[in-house]
Amino acid sequence: MTSDGKKGTIFSGMRPTGKLHLGNYMGALENWVTLQNDYNCIYCAVDIHALTTLDGATDVAEIKPNIHDMILDWLAAGIDPEESLVFVQSSVPEVMTLHTLLSMVTPLGWLLRVPTFKEKVRQMDETEESVNYGLVGYPVLQTADIILYKADTVPVGKDQVPHLELAREIVRRFNNHYGETFPEPQAKLTEDALIVGLDGQNKMSKSLDNHLELADSPEETAKRVATAFTDPQRLRRADPGRPEVCNVYSLHKTFSPAGDIATIHEECTTAARGCVDCKRHLAASINNYLESFRERRREFESRPSYVQDVLEDGAKKAQAIAQKTIQEVYEKMGLA
Ligand code: TRP
Ligand code: SF4
């Protein structure tokens with residue numbers, strides 16, 4: 001417990017990829033909203049991290065609009081800027097100072113072993129030699145993000161666990177060399193909400209284009225749901241379906257009222273309902289689920305400088321904390 005009755009300090013970040021989808025919402029974002037009740041929360045749009053894998057001016061031109069769209073989604077979901085610190089990574093450049101200083105206590109071998117690094121190198125069709133130096137240091141920057149605010153708890157998906165392990169090793173090393181300075185940050189695993197994509201094969205994901213954007217209009221949602229794959233063996237309307245293998249059914253279980261689920265199952269297996277109607281029903285459930293989110297988003301979007309004001313205020317508050325930490329680190333490292 002901290003002096004203000006909170007359980008501790010949360011830090012988490014998302015790369016600004018633009019509008020978020022239902023999978024992002026049911027996974028990370030909803031969890032971030034809930035954590036505001038129990039923790040001091042700091043939420044950051046990590047634009048410098050985005051630069052590690054961007055290439056050229058066209059890509060970079062998308063960062064700003066992507067930040068704006070993502071922050072609107074955060075706010076509409078219920079991230080409360082009165083309660084939590086919301087800011088953009090690059091607006092507090094102290095994180096880059098800390099990143100450089102932490103790189104002095106981080107063996108290169110630790111970074112080259114990180115599984116996400118190896119995977120990125122493969123995905124990008126690069127080699128460990130050709131890849132940019134910033135990408136190798138990605139987890140060091142992430143550590144700097146977290147400990148600049150002395151956060152102790154980091155809500156992330158399981159893919160990020162190795163980064164948090166590394167963060168703790170860096171912290172231990174720093175504290176060993178220069179004296180107790182930072183808490184060892186713990187990952188708080190976000191349960192995988194398992195929101196299946198419209199392809200029925202994969203998790204919902206923007207890069208696979210099998211997703212439903214939160215900010216879409218109800219019509220757009222219905223149109224996209226209509227393209228969803230269903231039971232591949234149900235070729236004719238008169239064929240009974242198999243809800244267990246149908247991703248539309250799986251989405252119904254998440255978004256339709258609990259009382260409808262047994263009926264959907266029954267009507268599908270007896271061919272009393274067709275897939276076209278079943279998808280319309282699903283779209284209606286999802287649109288209903290997102291109605292208040294969308295209304296809030298439109299409201300925030302219509303206030304001319306709202307997002308900018310939130311981010312400026314967040315940056316100011318974050319920077320005040322950051323400057324204190326950098327001062328302390330300078331003293332410990334003999335730089336003050
Ligand atoms: N690496 C995280 C991701 O790809 C994003 C991130 C950057 C982050 N800095 C962070 C997450 C600090 C938690 C804490 O999802
Ligand atoms: Fe899937 Fe619904 Fe078609 Fe059954 S009726 S196969 S649950 S879309």
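These numbers were taken from a predicted model, which means no experiment stands behind them.

So, how was this worked out
Residues numbered from 1 in each chain as written. Chains lettered and ligands numbered in written order. Predicted model: local features only at pLDDT ≥ 70, side-chain atom pairs only at ≥ 80, totals over all residues. Heavy atoms only, no water. Near = heavy atom within 4 Å. Polar contact = N/O pair within 3.5 Å; in protein donor to acceptor, adjacent residues only side chain to side chain. Areas by Shrake-Rupley, 256 points an atom, 1.4 Å probe, with all protein chains shown as cover. Helix = DSSP H or I, 4+ residues; strand = E, 2+ residues; numbered from the N terminus. Nonpolar A, V, L, I, M, F, W, Y, C, P; charged D, E, K, R; others polar. 1 Å grid on protein atoms, 1.4 Å probe; cavity = no way out; pocket = protein on both sides within 12 Å on 5 of 7 lines; lining within 4 Å. Points joined across faces, edges and corners; volume = space filled by probe spheres on them. Axes fitted to C-alpha atoms, helices over the stretch in contact; angles between N-to-C directions. Parallel < 35°, antiparallel > 145°, perpendicular 65-115°, else oblique. Left-handed = near helix turned anticlockwise from the far one by under 90°. Contact = heavy atoms within 4.5 Å. Sits in = over half its atoms within 2 Å of the grid points.

Student: So, the site of ligand 1: which residues are in play, and what are the values?
Tutor: In the region of ligand 1, 13 residues are neighbours, and Arg 15, Tyr 138, Gln 142, Asp 145 and Gln 160 sit closest. Here Tyr 138 contributes a side-chain N or O atom positioned 2.8 Å from a nitrogen atom of ligand 1. In this structure, Gln 142 approaches ligand 1 through a side-chain N or O atom, which is 3.0 Å from a nitrogen atom. For ligand 1, whose free accessible area comes to 360 Å², the fraction covered by protein is 91%. Elements supplying a minimum of two residues to the shell around ligand 1: strand S1 (9–14), helix H9 (138–148) and strand S4 (153–156). Top element by residues in the shell around ligand 1 is H9. It accounts for four residues. Looking at the shell around ligand 1 residue by residue, the class counts come to six nonpolar, five polar and two charged.

Student: Can you explain empty space enclosed by the protein? Please cite residues and give values.
Tutor: If you walk through the whole model with that rule in mind, you get two cavities of 30 Å³ or more. Volume-wise, the largest cavity comes out at about 100 Å³. Around the largest cavity sit 14 residues that line it, and Arg 234, Cys 246, Cys 268, Cys 275 and Cys 278 are the ones nearest its centre. Looking at the lining of the largest cavity, the elements with two or more residues in it are helix H12 (247–255), helix H13 (258–269) and helix H14 (275–302). Among the elements that take part in the lining of the largest cavity, H14 stands out by supplying three residues, more than any other. Of the residues in the lining of the largest cavity, the class split is eight nonpolar, two polar and four charged. Its volume calculated, the second largest cavity comes out at about 30 Å³. Around the second largest cavity sit Phe 11, Cys 44, Phe 87, Gln 89, Val 92, Val 95, Asp 145, Leu 148 and Tyr 149, which together line it.

Student: Residues and numbers for the packing of helix H4 (residues 63–77) against H14, please.
Tutor: At a minimum axis separation of 8 Å, H4 and H14 run at an interaxial angle of 125°. Comparing the axis directions of H4 and H14 gives the class oblique. In terms of crossing hand, the pair formed by H4 and H14 is right-handed. Along its contact with H4, which presents Asp 69, Leu 72, Asp 73, Leu 75, Ala 76 and Ala 77, the element H14 presents Phe 293, Arg 296, Arg 297, Phe 300 and Glu 301. When its residues are assigned to classes, the contact of H4 with H14 shows six nonpolar, no polar and five charged.

Student: Requested: an account of the site of ligand 2, with residues and values cited.
Tutor: Contacts to ligand 2 come from Thr 230, Asp 231, Arg 234, Cys 246, Val 248, Tyr 249, Cys 268, Arg 273, Cys 275 and Cys 278. Counting atoms within 2 Å of the grid points, the majority share of ligand 2 lands in the largest cavity. Every element with two or more residues in the shell around ligand 2 is listed here: H12 and H14. When the residues that make up the shell around ligand 2 are grouped by side-chain class, the tally is six nonpolar, one polar and three charged.

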